[in-house]
Amino acid sequence: MKKALIFCACMLVGMTMWAQGSTVLEQLKTDPRKAYGTDYPYKFTDDVRLTKAPRGYKPFYISHYGRHGSRYYWNSELYKELDSLLTMAHQRQQLTAEGEAFYRRFEAVKDELSTGVSELSDLGWEQHQHIARTMYNSFPEVFRNGGNVLAISSLVGRCVLSMSGFCQELVQCNPKIEIREQSSRSTLDGVVPGDRQNPARRKFPKPKPRYEKNRDQFKGHDTLRDIIISRTFTSTDGLPYKLHHIGSSLINLYTSLPNIGHEGMMGNLVTDEEVAAQWEGSNLGSYSWLFPDQYAMIPILEDILRKADAVLDGSSDRIADLRFGHDNCLGPLTILMGINGADLDPEDPYDVKNCYQNWQTCKASNLQLIFYRSKKTGSDILVKCLMNGMEARLPVATDNYPYYRWTDFRQYYSKRCEEIRNMK
C-alpha cells in the first residue's frame, strides 16, 4: 500500500510538472510582471478557493515562513551609480529625449531613494497586513478563541517591520490573540540559519543544479541591455561603467520601481513584455543562485518539525509559529522541501522553468503549513501546504491531495534532514 501511495505521489508531481510546463509561459503573457522574479510585488488574490478539509477535520495550528515585503533596492550603489551616470550623460548631452525625461524624474526622487535603501516600503507593510488578514479569514477556527503566537524575525529592519505589520493585523482581527515578537541571535537558526551572527551557524554541502553542465544548450534572449541603453543614450563614449553593467542597472531599477510607488519613472525605455521575453534566462540564474543553499535550510525545516511536535504533544500551547526572513532562505527552503516539484533538478535547462519559477519567491512570498485535527481521534493529524496562498504539492505520499498525513510528512522530511546531515 505504501509503495502504491508513493507511486501515486510521484505521478501527481509528474502531472503537475507537465501542467506547469504548458502554462508557465502563458502566465507570463497574462501577467508579464512575473518576469521581475524576486522583485515581483506580491499579488493580492482574494478569490482563491481552497479545498475543503475532509469531514470531521478542523484546522488548529499554522506554521509559517514569510519573506519581507516590498522594499527599496537592497544596495545603495545602484542609486549612486545611476545618479553619477545620468548626471554626466546629461551634462555631456548624451541622453535621448526619453533619457532626459527619465533623468529629471530620477533627480526629483533621488534623495528619497538613497535614504530608503533596503528599507520596507508602504506597499511592503500593506502586503503583510493583507496576508495576515487572509490567513485569519481563511482559517478562523485557529484564531477564533485567541491564543498564543510566536513570531521570529531576521535581524534586518525590513523583516522586523514585516513581522510587526503582520502581527498587528492579526491582533486587530482578534484582540484575544497574544503575540510575542522576537528578533534575536538566539532564534536565527529558525529563520536565517546562515546569518554570521547565528551562534549555531554551521556549514552544509552546496550541490549544483544538474542543468548547469548543459547550460550552453540554452539559447535565450539577451538583448534587453543593449535595447535599453540605445533608448537612453545617444552615445556612451566616455561614460563610467561597462555597458553590460549599465544595462543591468537600468533593468534592476525598472523591476524595483513598482515596489516603492515609482513605476512609470523610466517612461518607455523598457516594457514589461521585453523583460518577460528574457525571463527564462534570468530564471535559470535564480535557480543556480538558490539551489546550492537548500541544505543550509535544514535548521528551518527542523524548527518547523520541532515546534509542530511540541504543539501536538501538548508541551506548547501556540496556535501559530511565524517566521520572517529573506528570499535567500525561502527560495532554497522550497527546493529542499520539493514544493511543487522545485527539487526535481532537471538536466535540460529548458525544463527548469517547469519546476521552479523565481516569481514564487517574490516580495512578501510565504509558505504556510496548516494543521488539521480529526474530531473523532485527536491523534489523527493532516497537513496542507500553501505557497503564496495557493495549495501546493509535496513529494510526500498521499491519497487525499492537498492533504497529507502528519506522520507521513514528518517521516519524509525527518529522513531527508538526517540523510543530508550524514553526507560527507
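Our structure is the block above this text.
Computed from a prediction, not measured in an experiment: that's the story for all the values here.

Q: Tell me about the nonpolar core, and please be specific about residues and values.
A: Residues Tyr79, Phe102, Phe143, Phe233, Leu253, Met266 and Leu322 are the most contacted members of the largest nonpolar core, which totals 69 residues. Filtering out sequence-adjacent residues up to four positions away, Phe233 remains in contact with Leu85, Ala89, Gln94, Leu95, Thr96, Leu239, Ile246 and Leu250.

Q: I'd like to hear about the environment of Gly331, residue by residue, with values.
A: Within the fold, Gly331 resides in helix α12 (residues 327–337). Note on Gly331: relative accessible area 0%, which makes it buried. Considered as a pair, Gly331 and Asn252 are 79 residues apart in the sequence and their alpha carbons are 19 Å apart. Every residue in contact with Gly331, bar those within four places of it in the chain, is listed here: Leu290 and Thr361.

Q: Could you give an account of the pairing of strand β1 (residues 57–67), naming the residues involved and the relevant values?
A: Counting buried residues in β1 gives 10 out of 11 residues, a clear majority hidden from the surface. Relative to strand β5 (residues 366–374), β1 runs antiparallel, the two being bridged by nine bridges. Bridging across to β5, Ile62 finds its partner in Ile370. Bridge analysis of β1 against strand β4 (residues 318–325) gives four bridges, and the strand direction is parallel. Across the sheet, Ser63 pairs through a bridge with Asp321, a residue of β4.

Q: Let's hear about unusual backbone geometry: which residues, and what values?
A: Between Tyr401 and the following residue, Pro402, the backbone shows a cis peptide bond with an omega angle of 10°. Positive phi outside glycine occurs at Asn388, with the angle close to 55°. Following the sequence through the fold, Asn388 ends up in the loop between β6 (381–387) and β7 (390–391).

Q: So, the side chain of Lys307: which residues are in play, and what are the values?
A: Within the secondary structure, Lys307 is located in helix α11 (residues 298–312). The class for Lys307 is buried, based on a relative accessible area of 13%.

Q: So what's going on with the pairing of β5? Which residues, and what values?
A: Most of β5 is tucked away: eight of the nine residues are buried. Taking the residues that link successive antiparallel strands as the turn, the β5-β6 hairpin has six residues.

Q: If you had to explain the packing of α11 against helix α14 (residues 406–421) to someone new, which residues and values would you point to?
A: α14 packs onto α11 with a crossing angle of 145° between their chain directions and a minimal axis gap of 11 Å. Handedness of the α11/α14 crossing: left-handed. For the pair formed by α11 and α14, the contact residues are Ile298, Pro299, Leu301, Glu302, Leu305, Ala308, Asp309 and Leu312 on the first element and Trp406, Phe409, Arg410, Tyr413, Ser414, Cys417, Ile420 and Arg421 on the second. Considered class by class, the residues forming the contact of α11 with α14 number 11 nonpolar, one polar and four charged.

Rules used throughout
Residues numbered from 1 in each chain as written. Predicted model: local features only at pLDDT ≥ 70, side-chain atom pairs only at ≥ 80, totals over all residues. Heavy atoms only, no water. Core = buried A, V, L, I, M, F, W, Y, C linked by side-chain atoms within 4.5 Å. Buried < 20%, exposed > 50% of the residue type's maximum accessible area, 1.4 Å probe, protein only. Contact = heavy atoms within 4.5 Å. Helix = DSSP H or I, 4+ residues; strand = E, 2+ residues; numbered from the N terminus. Pairing = 2+ DSSP bridges. Axes fitted to C-alpha atoms, helices over the stretch in contact; angles between N-to-C directions. Left-handed = near helix turned anticlockwise from the far one by under 90°. Nonpolar A, V, L, I, M, F, W, Y, C, P; charged D, E, K, R; others polar.

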